[in-house]
Amino acid sequence: AISSFIFGGVFDRVPRLKVAFAHGGGAFPGTIARIEHGWACRPDLCAIDCKKNPRAYCGQFYVDSLVHDTTQLKLVTDLFGADKVILGTDYPFPLGEVPPLKQPGDVIYESEHHSDAEKALMLGGNACTFLNLSADDFERAPPQSAARVAEAARARTAAA
């Protein structure tokens, strides 16, 4: 899906578009080198509506964190930036971080590759940015979720 947006020229035609892709961007992070190679060696096929290197678009859109592995999460944040990763749950499907094995956000919490500030962004601050919300918007939410989201949004505000 990401490659379709890039090679279709969507990000160039609509530069302020806010879009998020599931599963840490799917296969894109693992194939970015091949995608770049195709763009460079076959401009007649790949660079028709995409005038800049595909890697240059990374960080222009959001991906979710549902990758089930802290090393994969690091790859995702290294490519897109921790400020472009939003907590993913896979809801309504039972394949996400689900009890009794995991809780939503556990891979983020367990990551030794990310600072507390980066974790707070991924756990809620980035979603607030994406949705144009603030921590105050969550003070009225159910108590069990409000504290976590409000904490993440405050971290986003403090980092700005």
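Shown above is the structure to which this text applies.
Rules behind the numbers
- Residues numbered from 1 in each chain as written.
- Predicted model: local features only at pLDDT ≥ 70, side-chain atom pairs only at ≥ 80, totals over all residues.
- Heavy atoms only, no water.
- Helix = DSSP H or I, 4+ residues; strand = E, 2+ residues; numbered from the N terminus.
- Polar contact = N/O pair within 3.5 Å; in protein donor to acceptor, adjacent residues only side chain to side chain.
- Contact = heavy atoms within 4.5 Å.
- Core = buried A, V, L, I, M, F, W, Y, C linked by side-chain atoms within 4.5 Å.
- Buried < 20%, exposed > 50% of the residue type's maximum accessible area, 1.4 Å probe, protein only.
- Arc of directions from axis to C-beta.

Section: the side chain of H114
Then, number 1: Within the secondary structure, H114 is located in the loop between α6 (106-110) and α7 (116-131).
Then, number 2: Reaching out from H114, the side chain makes a polar contact with the side chain of T77 at a distance of 2.7 Å.
Then, number 3: A polar contact is formed between the side chain of H114 and the side chain of S111, at a distance of 2.6 Å.
Then, number 4: Once residues lying within four places of it in the same chain are set aside, the contact partners of H114 are L73, K74, T77, K119 and M122.

Some words on the nonpolar core
Then, number 1: Ranked by size, the top nonpolar core spans 26 residues in total, and within it F28, F61 and F80 carry the most contacts.
Then, number 2: Contributing elements (two or more residues each) for this core: α1 (2-7), α3 (28-41), α5 (70-80), α6 and α7.

Digging into unusual backbone geometry
Then, number 1: You will see that H68, though not glycine, has its phi angle at about 65 degrees, which is positive.
Then, number 2: Structurally, the position occupied by H68 is in the loop between β2 (62-64) and α5.
Then, number 3: For H68, a relative accessible area of 46% gives the class partly exposed.
Then, number 4: One non-glycine residue, N132, adopts positive backbone phi at about 55 degrees.

Quick look at α5
Then, number 1: Within the span of α5, buried status applies to L73, V76, T77, L79 and F80. Buried positions in α5, seen along its axis, are confined to an arc of 165 degrees and lie on one side of it. Every exposed residue of α5 that faces more than 90 degrees away from the buried side is listed here: T71 and D78.
Then, number 2: Check the buried side of α5 and you find it contacts α1, α3, β2, β3 (85-86), α6 and α7.
Then, number 3: Capping the start of α5 is the job of one residue whose side-chain oxygen sits 3.0 Å from the backbone nitrogen of T71: D69.
Then, number 4: Taken from the residues just after α5, G81 is the one with a positive phi, measuring 100 degrees.

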